[in-house]
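As a plain string of letters, each chain reads:
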Amino acid sequence: MKDRQYTTKELFRRFQPYFKPYWKTLVLDLFCAGLTTLCELVLPMIMRYITNQGLYHLAELSVQTILGVVAIYLALRIVDCVATYYMAGVGHIMGAKIETDMRRDAYQHLHQLSNTYYNNTKVGQIMGRITNDLFDVTEFAHHCPEEFFIAGVKLVIAFIILMRINVLLTLIIFLIVPIMVAVCMHLNFKMRDVFRRQRNQIGELNARIEDSLLGQKVVKAFTNEQMETNKFETDNRQFFDIKRDSYHLMAVFNATTHAFDGAMYVSVLLFGSIFMIKGWVAAGDLVAFLLYVTTLIATIRRIIEFAEQFQRGMTGIERFLQIMDADIEIFDEADAVEMGEPKGEIAFHNVSFEYPDDHNQVFKNLNLTIHPGEKVALVGPSGGGKTTLLYAMASHCAQKGWRVLVSTTTHILRPENGLWAKTDAEIQELWARGSYAVVGSPAPNGKLTAPPEADLAHWMAQADAVFLEADGAKHFPCKAPAEQEPVLLPQSNIVLAVAGLSALGRSPHRSPDRTAALDAERGGPAV
């Protein structure tokens, strides 16, 4: 699956509707966020008043006045605690509800996608998109509006207050802010690319672990533990390399913001002291400037600390949208008629199939009729299109309302679309959903082998149609079968032989054992 990339504006636009059911909670959350800024904005003005009164009007500064000011600040602190409690509790619950809604929509959309999507997308990637990727959405949905709202309130109010104290010193300090924002945005875009690669590699790692653990018994039986370990180590090392790049980028990001912090402090100390010497600002005004700059820097640091979480949330939303934008290839028209109880037979007329990535045509103009209850076995070389044809027929029959079972008497590629069933309950669930069920025991290299004979007979008795892959040729276009090949069940009604036309005009690969057997059977050299 080729992943589409989205702009920040488009991500916000597509994510915005998920806030709609909770807009009252969001408004109250932002109101509480505004209340939490009061203490930080009022404290510098209190310190300015006390400092100027102490230096220039000490006789007017009484204990009663100080107690009144402290009482006001204490009341603001109580309001701050209540507002923070609401933000930390109800705000996070709102984010969790949005995450739950997104996961529900993604899961429902996945059920509408065709086999083509699942053939081109690993299950580990899909699992990562609807689980891990959405975990960060809870924090993003809650903190993103809060942090930007708080930062905006503090910047605007601090700018207005400082402009009333001294215009020139305020402009000098705030001249640094747009430069800092531009640099941070540039680094943020780089971080998103790194986090996007990190999410993708987590999906690959999940797919590798799933494939290995599902076939663990077979891996041990063939003593392939070292091979599986080497594969895992390769994916694990790639994940480490991506994380290392992200930490290098975070280090540059943090060092850059610390440099801007220092520039703002230096500006206040240098120009503020000069202005105070010349009598342009009072000592209390300089104290207020230093406290407001400290507040601004603390706000900017919160945004910086939120930057990593912000990018993780954005990449999680992006990977969610990549699922939601996957095309639904099989759907009912507006005037579709309910089929009711299915009867009759399944007929394929001039059906062709090719892989979308390399346009390799597997079969062309296939014609086949299957009657209800018949068992179809497919034989032929590996890579000749048996599995593709088998799954195509099974899907077609399942869409007609049949209970379709797919298995093998040798080996078959394990599906990565959740259609591998291991119990009666899982088989019945797949049939109830209108899907076919694939049964088999796990084998190495992402394949399934024949299930126990008693289990297969039990499952076949419940199915309306059974498709079995019954032979293979190790990716050769055709082969001369051995005495025990193909492995056909006695119940088979139809046998389809699939062979590659690429074998025409080519010299055969002569296996010594097989050649001797054929020579003896034919009384002469086998051609």
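Look up: the structure comes first, before these words.
Residues numbered from 1 in each chain as written. Predicted model: local features only at pLDDT ≥ 70, side-chain atom pairs only at ≥ 80, totals over all residues. Heavy atoms only, no water.

A. Structural context of the overall build of the protein chain. Within the protein chain one finds 16 helices and 10 strands. Within the protein chain, the proportion of its 527 residues that are buried is 43%. Contacts in the protein chain between residues at least 24 apart in sequence constitute 78% of all its contacts with a sequence separation of at least 6. Carbon and sulfur atoms make up 61% of the accessible area of the protein chain, which amounts to about 28500 Å² in all. (Helix = DSSP H or I, 4+ residues; strand = E, 2+ residues; numbered from the N terminus. Buried < 20%, exposed > 50% of the residue type's maximum accessible area, 1.4 Å probe, protein only. Contact = heavy atoms within 4.5 Å. Areas by Shrake-Rupley, 256 points an atom, 1.4 Å probe, with all protein chains shown as cover.)

B. Structural view of the layout of surface pockets. By volume, the second largest pocket is sized at about 540 Å³. In terms of lining residues, the second largest pocket is bounded by 23 residues, among which Phe148, Val181, Met185, Asn188 and Ile303 are the most central. At 9 residues, the largest contribution of residues to the lining of the second largest pocket is made by helix α12 (residues 283-324). Considering only residue class, the lining of the second largest pocket consists of 17 nonpolar, 5 polar and 1 charged. (1 Å grid on protein atoms, 1.4 Å probe; cavity = no way out; pocket = protein on both sides within 12 Å on 5 of 7 lines; lining within 4 Å. Points joined across faces, edges and corners; volume = space filled by probe spheres on them. Nonpolar A, V, L, I, M, F, W, Y, C, P; charged D, E, K, R; others polar.)

C. Quick peek at the packing of aromatic side chains. Throughout the structure, instances matching the rule amount to 7 aromatic pairs. Note on tyrosine 18 and phenylalanine 320: the rings are 6.0 Å apart at their centroids and 75° apart in plane angle, and the pair reads as edge-to-face. Taken together, the positions of tyrosine 18 in the loop between α1 (8-15) and α2 (23-36) and phenylalanine 320 in helix α12 put the pair 302 residues apart, joining distant regions of the chain. We note that tyrosine 18, like phenylalanine 320, is buried. In textbook terms, an aromatic cluster arises when at least three aromatic residues are bridged by ring pairs, as seen for Phe12, Phe15, Tyr18, Phe19, Phe140 and Phe320. (Phe/Tyr/Trp six-rings, centres within 6.5 Å; stacked < 30°, edge-to-face > 60°.)

D. Region of the structure containing unusual backbone geometry. Within the chain, asparagine 350 stands out as a residue other than glycine whose phi angle is a positive 55°. Tracing the backbone shows asparagine 350 in strand β1 (residues 346-354).

E. Summary view of the packing of α2 against helix α4 (residues 63-110). Axis separation between α2 and α4 bottoms out at 9 Å; the angle between their running directions is 145°. Remark: the crossing between α2 and α4 carries left-handed chirality. Of α4, the residues touching α2 (which contributes Thr25, Leu26, Leu28, Asp29, Cys32, Ala33, Leu35 and Thr36) are Val79, Asp80, Ala83, Thr84, Tyr86, Met87, Val90, Gly91 and Met94. Broken down by class, the residue content of the contact of α2 with α4 amounts to 11 nonpolar, 4 polar and 2 charged. (Axes fitted to C-alpha atoms, helices over the stretch in contact; angles between N-to-C directions. Left-handed = near helix turned anticlockwise from the far one by under 90°.)

F. Highlighting the side chain of glutamate 318. Locating glutamate 318 in the fold gives a position in helix α12. For glutamate 318, a relative accessible area of 0% corresponds to the buried category. In this structure the side chain of glutamate 318 is engaged in a polar contact, spanning 3.0 Å, whose partner is the backbone nitrogen of tyrosine 6. Residues contacting glutamate 318, with those up to four places away along its chain left out, are Arg4, Gln5, Tyr6, Leu11 and Arg196. (Polar contact = N/O pair within 3.5 Å; in protein donor to acceptor, adjacent residues only side chain to side chain.)

G. Spatial organisation of the pattern of salt bridges. The tally for this structure, following the rule as stated, stands at 11 salt bridges. Arginine 197 is the salt-bridge partner of aspartate 245, the closest N and O atoms lying 3.9 Å from each other. Separated by 48 residues along the polypeptide, aspartate 245 in helix α11 (residues 225-277) and arginine 197 in helix α9 (residues 176-214) bring together distant segments of the chain. Looking at aspartate 245, the relative accessible area reads 33%, which means it is partly exposed. When salt bridges that share partners are traced, they join Asp101, Arg104 and Asp105 into one network. (Salt bridge = Lys/Arg side-chain N within 4 Å of Asp/Glu carboxyl O.)

H. Up close: the sheet that holds strand β7 (residues 441-443). The sheet built from 3 strands is open, its strands ordered β5-β8-β7 with antiparallel pairing. Looking at which strands have only one partner, the edges of the open sheet turn out to be β5 (411-413) and β7. Neighbouring strand axes in the sheet, compared pairwise and without regard to direction, differ in orientation by 40° on average. Two strands pair when backbone bridges link them, and β7 and strand β8 (residues 447-449) are joined in this way by 3 bridges, in the antiparallel orientation. For proline 442, the partnering residue across the bridge sits in β8 and is leucine 448. (Pairing = 2+ DSSP bridges.)

I. Layout of a nonpolar patch on the surface. A contiguous nonpolar patch, built from Leu74, Ile78 and Val82 and spanning about 300 Å² of accessible area, is present on the exposed surface. Within the fold, valine 82 resides in helix α4. (Patch = residues over 30% accessible without salt bridge, like charges linked within 9 Å, V, L, I, M, F, W, Y side chains within 5 Å.)

J. Just helix α15 (residues 453-462), in detail. What α15 keeps buried is the set Leu456, Trp459 and Met460. Across the axial projection of α15, the buried residues extend over an arc of 100°, all falling on one side. Facing away from the buried side of α15, by more than 90 degrees, are the exposed residues Ala454 and Ala461. (Arc of directions from axis to C-beta.)

K. Spatial organisation of the pairing of strand β9 (residues 465-469). Burial of β9 is extensive: 5 of the 5 residues sit out of reach of the surface. As judged from the 5 bridges shared by strand β4 (residues 404-408) and β9, these two strands associate in the parallel manner. Bridge pairing links threonine 408 to glutamate 469 in β9.

L. Expanded view of the packing of helix α3 (residues 38-56) against α4. Packing of α3 against α4 leaves a shortest axis separation of 10 Å and a crossing angle of 170°. Judged on the interaxial angle alone, α4 and α3 are roughly antiparallel. The residues of α4 that touch α3, namely those facing Leu38, Cys39, Val42, Leu43, Ile46 and Tyr49, are Thr65, Val69, Tyr73, Leu76, Arg77 and Asp80. Across the contact of α3 with α4, the residue classes break down as 9 nonpolar, 1 polar and 2 charged. (Parallel < 35°, antiparallel > 145°, perpendicular 65-115°, else oblique.)

M. Representation of a negative patch on the surface within the structure. A cluster of acidic side chains, namely Asp332, Glu333, Asp335 and Glu338, defines a negative patch on the protein surface. Within the secondary structure, aspartate 335 sits in the loop between α12 and β1. (Lys, Arg positive; Asp, Glu negative; His and termini not counted. Charge placed at Lys NZ, Arg CZ, Asp CG, Glu CD.)

N. Region of interest: helix α14 (residues 424-432). All of the buried residues along α14 are Ile427, Leu430 and Trp431. For α14, the angular spread of buried residues about the axis comes to 100°, placing them on one side. Seen from the open side of α14, the exposed residues pointing more than 90 degrees away from its buried face are Ala425 and Ala432. Contacts made by the buried residues of α14 are with β4, β6 (437-438) and α15. Positive backbone phi, approximately 85°, marks glycine 434, located one or two places after α14.

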